[in-house]
Structure formats: structure tokens, C-alpha cells
Amino acid sequence: MNRMGEDFIRSSLCIWLSRTFEDLVPPKNQFHLSDGEFLNKVMSTISPARFTMSRVHREVGDDVKARIENLNTLLKNLICCYEEAHNSLHVAPLPDIRVLGSEPQSYASATELEKIFTLILGIAFR
């Protein structure tokens, strides 16, 4: 793993996720975090009625298509959660799931993960 990926997985947002949802076995690195499986599990814990694991691919590995599908499922549900449960629209720029899916260990991917974390935090604390 590159240095930036190591720094990202040690960031305060990653630490919050891993400590808050320690029963979910947090990902070891940015590559695994950006496959969408763990983040969908987190959201299924926060909002089980909205987030289910039925459409989430497991053990994605290098499968870019499965990674993007997982992230797309997550993002669509996050947006719906904001609109329905919290009666508000999310107006900040949305994460680019194509970057996350195709370049999971890049600096750009870390930036997109931060956007997803912000959405998750917004839902978790409302």
C-alpha cells in the first residue's frame, strides 16, 4: 500500500468508523475500504430499513464493475436517506464513484471516500 493510503486509513474518519462499528471487522486498507462492502455494512447498521446487503457484492477484489456497483448502491441509498428520513437534500458535490472504483488507492479516491464519510456522518448524527 502506498504512503497516502496508509495515512488515509489512519485518519480520524476511518478511526471513528472502525471504533464505532468494531463488530463489522473494519477494512485493512484504502483498497478494501473503497470496495463498498464495509461502508454498506456500516449503513445497514445505522439504517437497516433503508440499507440491506442483498445487492452488495462480497469479496470484490480487483473487480472494478462490482466495486462501482457496490458504491453506486451505497450512494443511491445515502441520497434517499437524506431526502426521505431527514427531509433535506444533499447539496455538496457527490462522490465520484467511478474514481473510487477504478483507482481505489489513489489520492483522488481518498478525496471521494471523504465525501462518502461526510454523508455517512450526516446520517449517523441526525
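(A) Examining the overall build of the protein more closely. Looking only at helices and strands, one finds seven helices and zero strands in the protein. Ordering the α and β elements of the protein from the N terminus gives α-α-α-α-α-α-α. Residue burial in the protein is summarised as follows: out of 126 residues, 43% are buried.

(B) Fine view of unusual backbone geometry. Backbone geometry places Glu59, a non-glycine residue, at a positive phi of 45 degrees. Mapped onto the fold, Glu59 is located in the loop between helix 4 (37-46) and helix 5 (64-85).

(C) How the structure looks around the pattern of salt bridges. Scanning the model with the defined rule gives five salt bridges in all. Between Lys115 and Glu112 there is a salt bridge, with its nearest N and O atoms 3.3 Å apart. Of the two residues, Lys115 and Glu112 both sit in helix 7 (residues 107-124), three residues apart, roughly one turn of that helix. Of the residues examined, Lys115 reaches a relative accessible area of 27% and is grouped as partly exposed. The network of salt bridges with shared partners includes Glu37, Lys41 and Arg58.

(D) Region of the structure containing helix 7. Taking 1.5 Å per residue, 18 residues should reach 26 Å; helix 7 reaches 25 Å between its end C-alpha atoms and fits that length. What helix 7 keeps buried is the set Ser109, Ala110, Glu112, Leu113, Ile116, Phe117, Leu119, Ile120, Gly122 and Ile123.

(E) Here's a closer look at the packing of helix 4 against helix 7. Relative orientation of the contacting elements helix 4 and helix 7 amounts to 10 degrees, with a least axis distance of 11 Å. As the angle between them shows, helix 4 and helix 7 are arranged roughly parallel. Contact with helix 4, carried on its side by Leu39, Val42, Met43 and Ile46, involves Leu113, Ile116, Phe117, Ile120, Ile123 and Ala124 of helix 7 and no other residues of that element. Of the residues that constitute the contact of helix 4 with helix 7, the class distribution is 10 nonpolar, no polar and no charged.

(F) Just the environment of Tyr107, in detail. Mapped onto the fold, Tyr107 is located in helix 7. Between the C-alpha atom of Tyr107 and that of Phe8, which follows or precedes it by 99 residues, the distance is 9.1 Å.

(G) Summary view of the environment of Phe51. Mapped onto the elements of the fold, Phe51 is located in the loop between helix 4 and helix 5. If near-sequence neighbours (up to four positions away) are discounted, Phe51 is found in contact with Asn40, Met43, Ser44, Leu74, Asn77, Leu78 and Cys81.

(H) Quick look at the nonpolar core. Judged by nonpolar contacts, the single largest core of 26 residues is most densely connected at Leu33, Leu39, Leu78 and Ile116. The set of elements that each furnish at least two residues to this core consists of helix 1 (3-9), helix 2 (12-20), helix 4, helix 5, helix 6 (97-102) and helix 7. For this core, the element with the most residues is helix 7, which contributes seven residues. Beyond its immediate stretch of four places on either side in the chain, Leu78 contacts Met43, Phe51, Ile116, Leu119, Ile120 and Ile123.

Calculation criteria
Residues numbered from 1 in each chain as written. Predicted model: local features only at pLDDT ≥ 70, side-chain atom pairs only at ≥ 80, totals over all residues. Heavy atoms only, no water. Helix = DSSP H or I, 4+ residues; strand = E, 2+ residues; numbered from the N terminus. Buried < 20%, exposed > 50% of the residue type's maximum accessible area, 1.4 Å probe, protein only. Salt bridge = Lys/Arg side-chain N within 4 Å of Asp/Glu carboxyl O. Expected span 1.5 Å × (residues − 1). Axes fitted to C-alpha atoms, helices over the stretch in contact; angles between N-to-C directions. Parallel < 35°, antiparallel > 145°, perpendicular 65-115°, else oblique. Contact = heavy atoms within 4.5 Å. Nonpolar A, V, L, I, M, F, W, Y, C, P; charged D, E, K, R; others polar. Core = buried A, V, L, I, M, F, W, Y, C linked by side-chain atoms within 4.5 Å.

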